[in-house]
Structures are given as structure tokens and as C-alpha cells.
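Listed below are the residues making up each chain.
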Amino acid sequence: MSSNDSAAGHGQKDRKSSQERLVTGVPRLDFITKGGLLKGSSYTILGPPGSGKTVLANQMAFHHISQGGRALYVTLLSESHARMIDNLEEMAFFDRSVIPDKIHYVSGYSELEKEGLKGLLDMVRRAAQRHQATLLIIDGMDTAKEFARSDLSFKRFLQDLQAFTSILGCTTLLLSPHHEGELHPENTAVDGVFELSLWLSGPRAVRELVALKFRGSDSLLGRHEVEISEKGIVIHPRTEVQFANPPEHGREDRIRMPFGIPRLDDSLRGGLLSGSTTMLLGAPGTGKTLLGLHFLLEGARAGQPGVYFGFYETPPRLMEKAAGVGMKDFKKYVDKGLIEIQWQPPLEHNMDSLAERLLERLHERNVKRLRLFIDGVSGFRTAAVYPDRMGRFFSALSHQLRMLDATTLYSEETPLLSSGVEAPLPDAAAYVENIILLRYVELRSQLYRLISIMKMRESQYDSGIREFSITEQGINVADTFESAESILTGHARIREDKRAEDLSPPMGGAGLKKKAKNAKRGGFLRRRKS
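Residues numbered from 1 in each chain as written. Predicted model: local features only at pLDDT ≥ 70, side-chain atom pairs only at ≥ 80, totals over all residues. Heavy atoms only, no water.

Caption draft 1: Inspection of the pairing of strand β21 (residues 466-471) at higher detail. Taking burial as the measure, the six residues of β21 include five buried ones, the bulk of the element. Of the strand pairs in this sheet, strand β20 (residues 446-456) and β21 are connected by two bridges, and their pairing is antiparallel. What sits directly across from I451, in β21, is R466. (Buried < 20%, exposed > 50% of the residue type's maximum accessible area, 1.4 Å probe, protein only. Helix = DSSP H or I, 4+ residues; strand = E, 2+ residues; numbered from the N terminus. Pairing = 2+ DSSP bridges.)

Here is the structure:
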């Protein structure tokens, strides 16, 4: 590159960085546009009825006023704008006291009907100058288009409008309904295009926003889900795009984070490494939730903060469950605030919203050596509109949790009745460092819970398969389950070299001679408590 080219490049960067921004105040829209709209530019907002165009524009207008700006809202609809204002009154951002002094609503339909586009342009000019508008919104551009003799005359109208607003330093939003496959000539004339959509994914209504065009600045491409509530519009950028350029290194001084279950911690060589992510994989009822709670409790006993982020157990039910298996001090640490329970009610969630809620809370707490238990992955899966995103989503989320030095457990369910181990997320092995498998095994007409470490990066571990028992006294991990083989296939059988020494006639339904011998060492191979 020549020195002249280099200088030109720097000049362009300087001009872009010096461009003033109009902050929209719409949660995360300014993140998508890398800082907000460019002041003095014009933007089209497209979308079918009910997608949120009017709410979005008004939310921007009221925020702009709160920052010292002034807005002019021109409606080209046949109905009165008074009805629109009535519908907005329930929104948290709405403030009737600023009407009409700081935000002025006016109908341009009669001027358009009498004098066409020229009459509308003259009316907008007069109103914008009179009210010293710094934000202009024209709602109903499809109506204006109907009065244009051709696409060319409509583009000329837009050019004249842009020339005037640019001189005035006024940012312009043009709202127009949109249906799939429809062409909008104004899209080539404006500086940016935002498209809202509303569609059904099964019984669920999905709203999304796409920044199709954004001159003068970078933006986050692709579809981002939109929520409308009494607070207004909230946009949830895709998690894997929000964190597309994560830092490469996290905290280096890592320590071991034990479960507080002796033989399990021995197998893990002292516990999980801090800042790591672990998948607890197992069928329903194998003890994933209890194991995760024990991990949080052990940390709290050592003064380490913990967070439970779950979907299925209410806080009272969770504490009752913990107390019933020997974790009677769990509630004490919840009351102290050392363990925080973030329960997500069984509602219709947005997957990226859940990730935002979790990460924002961890940032708010700003604590070191945090333990996190996400119970479970299926809660995110049911919130996903696009299931093929799951691998990329969890990879991005897991990396952010590592950067926060959170030692994370995910619980993930496998089928209850299966002949082998089936992971619902085959990509999980790539984005978690550790996998612990819990499962039932049937042996001589009895069911046993077993636990084994399938994978552990950056550490040695014991891969032995051990019995995992849950009693009123607590969780116990016994010695290696040596008397059976082919356990992971779901077709466990007694090893040939163990039959003579281990088996005897049925003894209280156990059928294993070793049971009595090992009872002295902690009840190895107890029958599963019903």
C-alpha cells in the first residue's frame, strides 16, 4: 500500500469515528449497529403488521427526547394518530407530558391526498423547522408510494426529503409494511434498512430483526430475535455473534474445585479445574441435579459463591430436595446469599435472552472463583427457534463463562430406556473440558446407579466405573464396579473370572457375595432405594 493510500485509509477511519451517533435506547439495537444510528442519515424500517415497527420508532423517539432531542412523527395512515398514542400509553417509555412540546404528532394524509408528494414534502419541511426536529419519523410510506407516478418520482421525493433533513441535521426513519418478496425502491436511496419479521414456529410466534443495510459503519448481520412487552422492544442478538471475538486467555492461577464426595474427588485428582466446563450426562433420576447441588454446597462451605440456573425445580422444592439427602445446610447458604438460585419459570423463553440474563447477573456479582450449575441444557433447547444453532451457542456461552472464571456444570439428559449412551448434543465433547456419565445398569434383576469419568482435559483422572448411591445420609461413591463388564453398552454381564468368587445363591435378592464384604466399607452395591 502506498503512503497516499495509507493516508486516505486513515482519513476514512477518522471520518467514520468522528460521525456523531443517535443512540436509540432500544436494548441491544445500539450493540447491533455498533453505537447507534448515524446522525443526519435516513433509515427504512420494514415489517408486516404486528411486527413492531410503530413501537420501535416511538421507543427511539421518546429516548431521543430524554437525551435532549426533539421529534416529529408524521402519520400517513387514514386513522387518527390519537388512536396510536392510546395504544402506546401502556408502554414504560411513554410520557404524555412531552406531547406536543418535545414530540409532535401530525397527520400528513390530507396534504398527501390534496397535493400529492410535493404537498407532503412542503408540510414536513414547515413542521420540522417549526418544531426544530432532530428526529423525523414518517409512518406509512406505502401510502406515499401510491401517490407517486412512478418509482423514479418516488425516489426523487426521497432525495429531496434527504437533502432537507441533512441540512437540518435531522435523522429520518421511514416506516413501511413489508411482505415476503416485495420490492421497496426507497431501500436503494436510504442509508440503512432494518427489516422486522413475524412468523410462526409451530405454535410459537417469532419476531426477528435483520440489519439488511447500514452505510458508514459495521453492524451485526443475521437474524436477531425481538421481544415486545410493556417495557417496549428488546432485541436479543445471537449469542455466538455477540461473542464472535472472545479474549484468548482467562485466569491462569487455576485451582481444584472438589465435589466434597471423597471417591469422586479422588478420581478427579482433587476436583475439577477452576474455569472449566463439565457436562453431567445421565438419564432422568440418576442424580445429576443432586450432584450439581453438592458441588455448589461444597464451594459454599469453602466460602466460594455459587449460582444455580435451572428450569424445573422451584427454589423451595430444590432446598427440600437437598435437605432430604444429607445437604441440610444448603438452605443456610442460600439465605446468606452465598448460593444464588436463579429459577426460570416454565414459560416461553428466548434462548439468547436466557444467556444474557445469566451473563449479566454474573457480571453484576463480579466475584472470583464462582461455581455455576446450569440445570439443564434441555431448557435452552426448548427455547431454540433454530436447533442447529445449539452447538455454536453453547460453545460461545461456555467460552464467556471461562473468561469470567466460572467453573460450570451443565446437566444433560440421555434417554431413560436406551441400550447405549446417546448424547443429545454430539458437539458437546468439543466445547466442554470434562464429561461425567451417570447411568442405571441392570444386573441380575437389580438396578444400580453408576458414575464414570468419560473425559477430562488438562488433567489425569481415574476412568473406573463406580457405584453411585443416594441415601438420606448423603451421596456416596463406592469402589470400582469390578464384577461386571459391557456396562456402557447397556447390556451388563458378570465377568467370567468373577462368577466363581462373586456369585452365590440369592441372598436377600442381592445375589452378590461381595455385597456383605463391602457393606463394612460403605455399603457397596446397595439396592437402589425406591
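Caption draft 2: Spotlight on the environment of A244. Among the structural elements, A244 can be located in the loop between α8 (239-242) and β12 (256-257). A244 sits 152 residues away from A396 along the chain, and the two C-alpha atoms are 7.6 Å apart.

Caption draft 3: Spotlight on the sheet that holds strand β9 (residues 204-214). In space, the nine strands of this open sheet follow the order β5-β4-β6-β7-β3-β8-β9-β10-β11, with mixed pairing throughout. Taken across any chain shown, the strands that pair with only one partner, and hence form the sheet edges, are β5 (103-107) and β11 (232-236). Each adjacent strand pair in this sheet contributes to an overall mean axis angle of 20°, direction not counted. The pairing of strand β6 (residues 135-139) with strand β7 (residues 171-177) spans five bridges and is parallel. Considered in β7, the bridge of I138 is made with L174. Across the sheet, helix α5 (residues 109-130) lies against β4 (71-75), β5 and β6, angled at about 180° from β4, the strand it touches most. (Axes fitted to C-alpha atoms, helices over the stretch in contact; angles between N-to-C directions. Contact = heavy atoms within 4.5 Å.)

Caption draft 4: View of empty space enclosed by the protein. Summed over the entire model, instances satisfying the criterion amount to one cavity of 30 Å³ or more. Of the pockets and cavities examined, the largest cavity occupies roughly 50 Å³. Lining the largest cavity, in full, are L264, S267, I451, S452, I453, D462, G464 and R466. Among the secondary structure elements, those contributing two or more residues to the lining of the largest cavity are α9 (262-267) and β20. A total of three residues in the lining of the largest cavity trace back to one element, the largest contributor, which is β20. Class assignment of the residues belonging to the lining of the largest cavity gives a composition of three nonpolar, three polar and two charged. (1 Å grid on protein atoms, 1.4 Å probe; cavity = no way out; pocket = protein on both sides within 12 Å on 5 of 7 lines; lining within 4 Å. Points joined across faces, edges and corners; volume = space filled by probe spheres on them. Nonpolar A, V, L, I, M, F, W, Y, C, P; charged D, E, K, R; others polar.)

Caption draft 5: Layout of the pairing of β4. Counting buried positions along β4 gives five out of five residues, so the element sits mostly inside the fold. Pairing between β4 and β5: five bridges, direction parallel. By the bridge assignment for β5, V74 is matched with V106. Both β4 and β6 contribute to a ladder of five bridges, which runs parallel. Residue pairing in the sheet places L72 in a bridge with L136 of β6.

Caption draft 6: Focus on the packing of aromatic side chains. Under the definition given, this model contains 19 aromatic pairs. With a centroid separation of 5.6 Å and 45° between ring planes, the pair formed by F380 and F393 is classed as tilted. Placement of the pair is F380 in helix α14 (residues 377-383) and F393 in helix α15 (residues 390-403), with a sequence separation of 13 residues. Looking at F380, the relative accessible area reads 0%, which means it is buried. Judged by relative accessible area, F393 falls into the buried class, the value being 0%. Pairing F393 with F394 gives two aromatic rings, centres 5.1 Å apart and planes at 85°, and the pair type is edge-to-face. The exposure class of F394 is buried, given its relative accessible area of 0%. Positioned above the aromatic ring of F295 is the side chain of R371, whose terminal nitrogen or guanidinium carbon lies 4.4 Å from the ring centre. (Phe/Tyr/Trp six-rings, centres within 6.5 Å; stacked < 30°, edge-to-face > 60°. Lys NZ or Arg CZ within 6 Å of the ring centre and 35° of its normal.)

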